[in-house]
Amino acid sequence: RAVSAAVSEPFVLDGTPLAVAASVGAAPLDGAATSREALGHADLAVRAAKARGGDRWLCYAPELHGEVLGPQQMQRELRALVAGDGARAGSADGVGRLVVEYQPVVELPTGVVNGVEALVRWQHPERGLVRPDVFLPLAETAGVGAALDREVMRQALHQLAAWDALGLDVPHMGVNLGRDSLREPGLRGHVLDACAAAGVDPARLLLEITEHDELATDAGVVADLLALREAGVGVALDDFGAGHASVGYLRRWPANVVKLDRSLLPSVAPVQPHPAMLDPGDLMVAVGSLVHALGRVLLVEGIEDDGDLAVALAAGAQVGQGYHFARPMPPEGFIAWWRACGGAASVGAAAAARGSR
Ligand code: C2E
Ligand code: CA
Ligand code: CA
């Protein structure tokens, strides 16, 4: 705001009064993985400020991608990217390719790798690495959400087989299924075919699903998931405790793993605001005992520091995931990380203290 105000101060040049308007873009550094990405975000914010008429400042937000580039164009590009029944899915000239990053999921409190979660990104020739929050809603609108999930599953299962061949012991691969995938007929066949094509035991695959109100009563989806469970495939309820993920969701879906959303962790919800209010940590412990009483595995996501880890351990989480252990990494990065730590993340001081008790 100060820069904008200073620049727009009128001035006189060779006797002529002039006014100059500036468009300013800002980006928070903690919203980006690298300085290059942060600069890209700031640049995008400037372009969005100009697109809104200029003479203003804007702070980066993921929605600005669509605003600057035009959602229609992004949808066209996404269609091209996943077109053709997977024939050349994952890459198309001029629109880049889909890449998958892998974030370790570790056993608590040992830090031994229990698996990874596959997280899609769009490597675009001009826009760089585009985050899923930006393009997944557009992929769904463009009608290619299910094809995109299938491509991610294909890449992820082949990646798991490649790690096996290198001697990395990664027991499980978590893959996200969006609403379109769940709604698509033949889910069960697609999933088992993908495992067979990669030569991966279905028991090593974990399907991560989130609550969708309109699917809750869809018997076909539940029957497919039940058949997959019988074939050994795991099902995780994702984002439990956030948004729509209600207790009823535990009853409706045949899940063996519950992924607790990070919204109750101390790094997000730090204080008990008033004695009459619940402490978020106490709530985590209570939710943990609910999950355990139901015989489900508790996974706490988004563990960022020792404080978060202490709460996850107090809640009895068997597995955890978060920047505290490792960020999502491209395949080569994951191999390097694995070799550096021997397949076991450091779990830090809180776990060590707990372990010695
Ligand atoms: P999600 O399934 O809840 O995935 C976890 C998200 O949290 C990931 O964001 C991950 O990078 C981020 N994360 C991990 N550890 C931490 C941490 O310690 N702190 C914080 N603040 N964040 C952490 P990402 O990769 O941007 O993915 C966003 C969402 O996009 C995912 O949320 C998932 O819902 C969706 N998504 C990603 N890949 C796919 C896919 O292949 N198919 C579908 N349908 N959805 C996907
Ligand atoms: Ca997930
Ligand atoms: Ca989640």
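Scroll up to find the structure.
Residues numbered from 1 in each chain as written. Chains lettered and ligands numbered in written order. Predicted model: local features only at pLDDT ≥ 70, side-chain atom pairs only at ≥ 80, totals over all residues. Heavy atoms only, no water.

As for the overall build of the protein
In step 1: Check the secondary structure of the protein and you find 14 helices and 14 strands.
In step 2: Taken over C-alpha atoms, the radius of gyration comes to 23 Å for the protein, in line with the 21 Å a tight globule of 357 residues would show.
In step 3: Principal-axis analysis of the C-alpha atoms places the extent of the protein at approximately 80 × 55 × 45 Å.
In step 4: Each of the 357 residues in the protein was classed as buried or not, and the buried ones make up 46%.
In step 5: Sequence separation of at least 24 residues holds for 61% of the intrachain contacts in the protein that already meet a minimum separation of 6.
In step 6: Of the accessible surface of the protein, which amounts to about 17000 Å², a share of 56% is contributed by carbon and sulfur atoms.
In step 7: With 29 positive and 43 negative side-chain charges, the protein shows a spacing of 2 Å between the two charge centroids. (Helix = DSSP H or I, 4+ residues; strand = E, 2+ residues; numbered from the N terminus. Rg over C-alpha atoms; globule rule 2.2 N^0.38 Å. Buried < 20%, exposed > 50% of the residue type's maximum accessible area, 1.4 Å probe, protein only. Contact = heavy atoms within 4.5 Å. Areas by Shrake-Rupley, 256 points an atom, 1.4 Å probe, with all protein chains shown as cover. Lys, Arg positive; Asp, Glu negative; His and termini not counted. Charge placed at Lys NZ, Arg CZ, Asp CG, Glu CD.)

A word on the pairing of strand β13 (residues 297–300)
In step 1: As defined by bridge partners, strand β12 (residues 257–260) adjoins β13 across 4 bridges and the pair is classed as parallel. Of the residues in β13, the one forming a bridge with Leu260 is Val300.
In step 2: For the crossover that starts at β12, traverses helix α11 (residues 280–293) and ends in the parallel β13, the hand is right-handed.
In step 3: In this sheet, strand β14 (residues 319–320) lies alongside β13 in parallel orientation, the contact comprising 2 bridges. Among the inter-strand pairings, Leu299 is bridged to a residue of β14, identified as Val319. (Pairing = 2+ DSSP bridges. Right-handed = clockwise from strand over helix to strand, strands pointing away.)

A closer look at the coordination of the calcium ion (ligand 2)
Ideal geometry at a metal centre gives angles of 109.5 degrees when four donors are arranged tetrahedrally and 90 or 180 degrees when six donors are arranged octahedrally.
In step 1: Glu117 (OE), Asn176 (OD1), Glu208 (OE) and Asp238 (OD) make up the full set of protein donors to the calcium ion (ligand 2), lying at 2.1 to 2.3 Å.
In step 2: Here the calcium ion (ligand 2) and the calcium ion (ligand 3) are spaced 4.2 Å apart, with Asp238 acting as a shared donor. Of this pair, Glu208 sits in strand β10 (residues 205–209) while Asp238 sits in strand β11 (residues 234–240), and the two are 30 residues apart along the sequence. Pair check on accessibility: Glu208 and Asp238 agree, each one buried. (Donors = N, O, S within 2.8 Å, 3.2 Å for Na, K, Ca; no water.)

Notes on the side chain of Gln103
In step 1: Within the secondary structure, Gln103 is located in strand β6 (residues 96–107).
In step 2: Residue class for Gln103 comes out buried when judged on its relative accessible area of 7%.
In step 3: A distance of 3.0 Å separates a polar side-chain atom of Gln103 from the backbone oxygen of Ala326.
In step 4: Residue contacts for Gln103: discarding those within four places in its chain leaves Gly115, Val116, Glu117, Leu119, Gln321, Gly322, Tyr323, Ala326, Arg327 and Pro328. (Polar contact = N/O pair within 3.5 Å; in protein donor to acceptor, adjacent residues only side chain to side chain.)

Here's the deal with the site of ligand 1
In step 1: The local shell around ligand 1 holds 23 residues, among which Gln103, Arg121, Asp149, Glu304 and Tyr323 are the closest.
In step 2: Take Asp149: an N or O atom from its side chain is 2.7 Å from a nitrogen atom of ligand 1.
In step 3: Protein contact buries 83% of the 800 Å² of open area that ligand 1 shows by itself.
In step 4: Examining the composition of the shell around ligand 1, we find that 4 residues originate from one element, strand β7 (residues 113–124), more than from any other.
In step 5: Each residue belonging to the shell around ligand 1 can be placed in one class, and the counts come to 9 nonpolar, 5 polar and 9 charged. (Near = heavy atom within 4 Å. Nonpolar A, V, L, I, M, F, W, Y, C, P; charged D, E, K, R; others polar.)

Topic: a nonpolar patch on the surface
In step 1: Together, Val3, Val7, Phe11, Leu13, Leu18 and Val20 make up a nonpolar patch on the protein surface, roughly 460 Å² of accessible area in all.
In step 2: Of all the elements in the fold, those that place two or more residues in the nonpolar patch are α1 (2–7) and β1 (11–13).
In step 3: When you line up the elements, Leu18 lands in strand β2 (residues 16–18). (Patch = residues over 30% accessible without salt bridge, like charges linked within 9 Å, V, L, I, M, F, W, Y side chains within 5 Å. Salt bridge = Lys/Arg side-chain N within 4 Å of Asp/Glu carboxyl O.)

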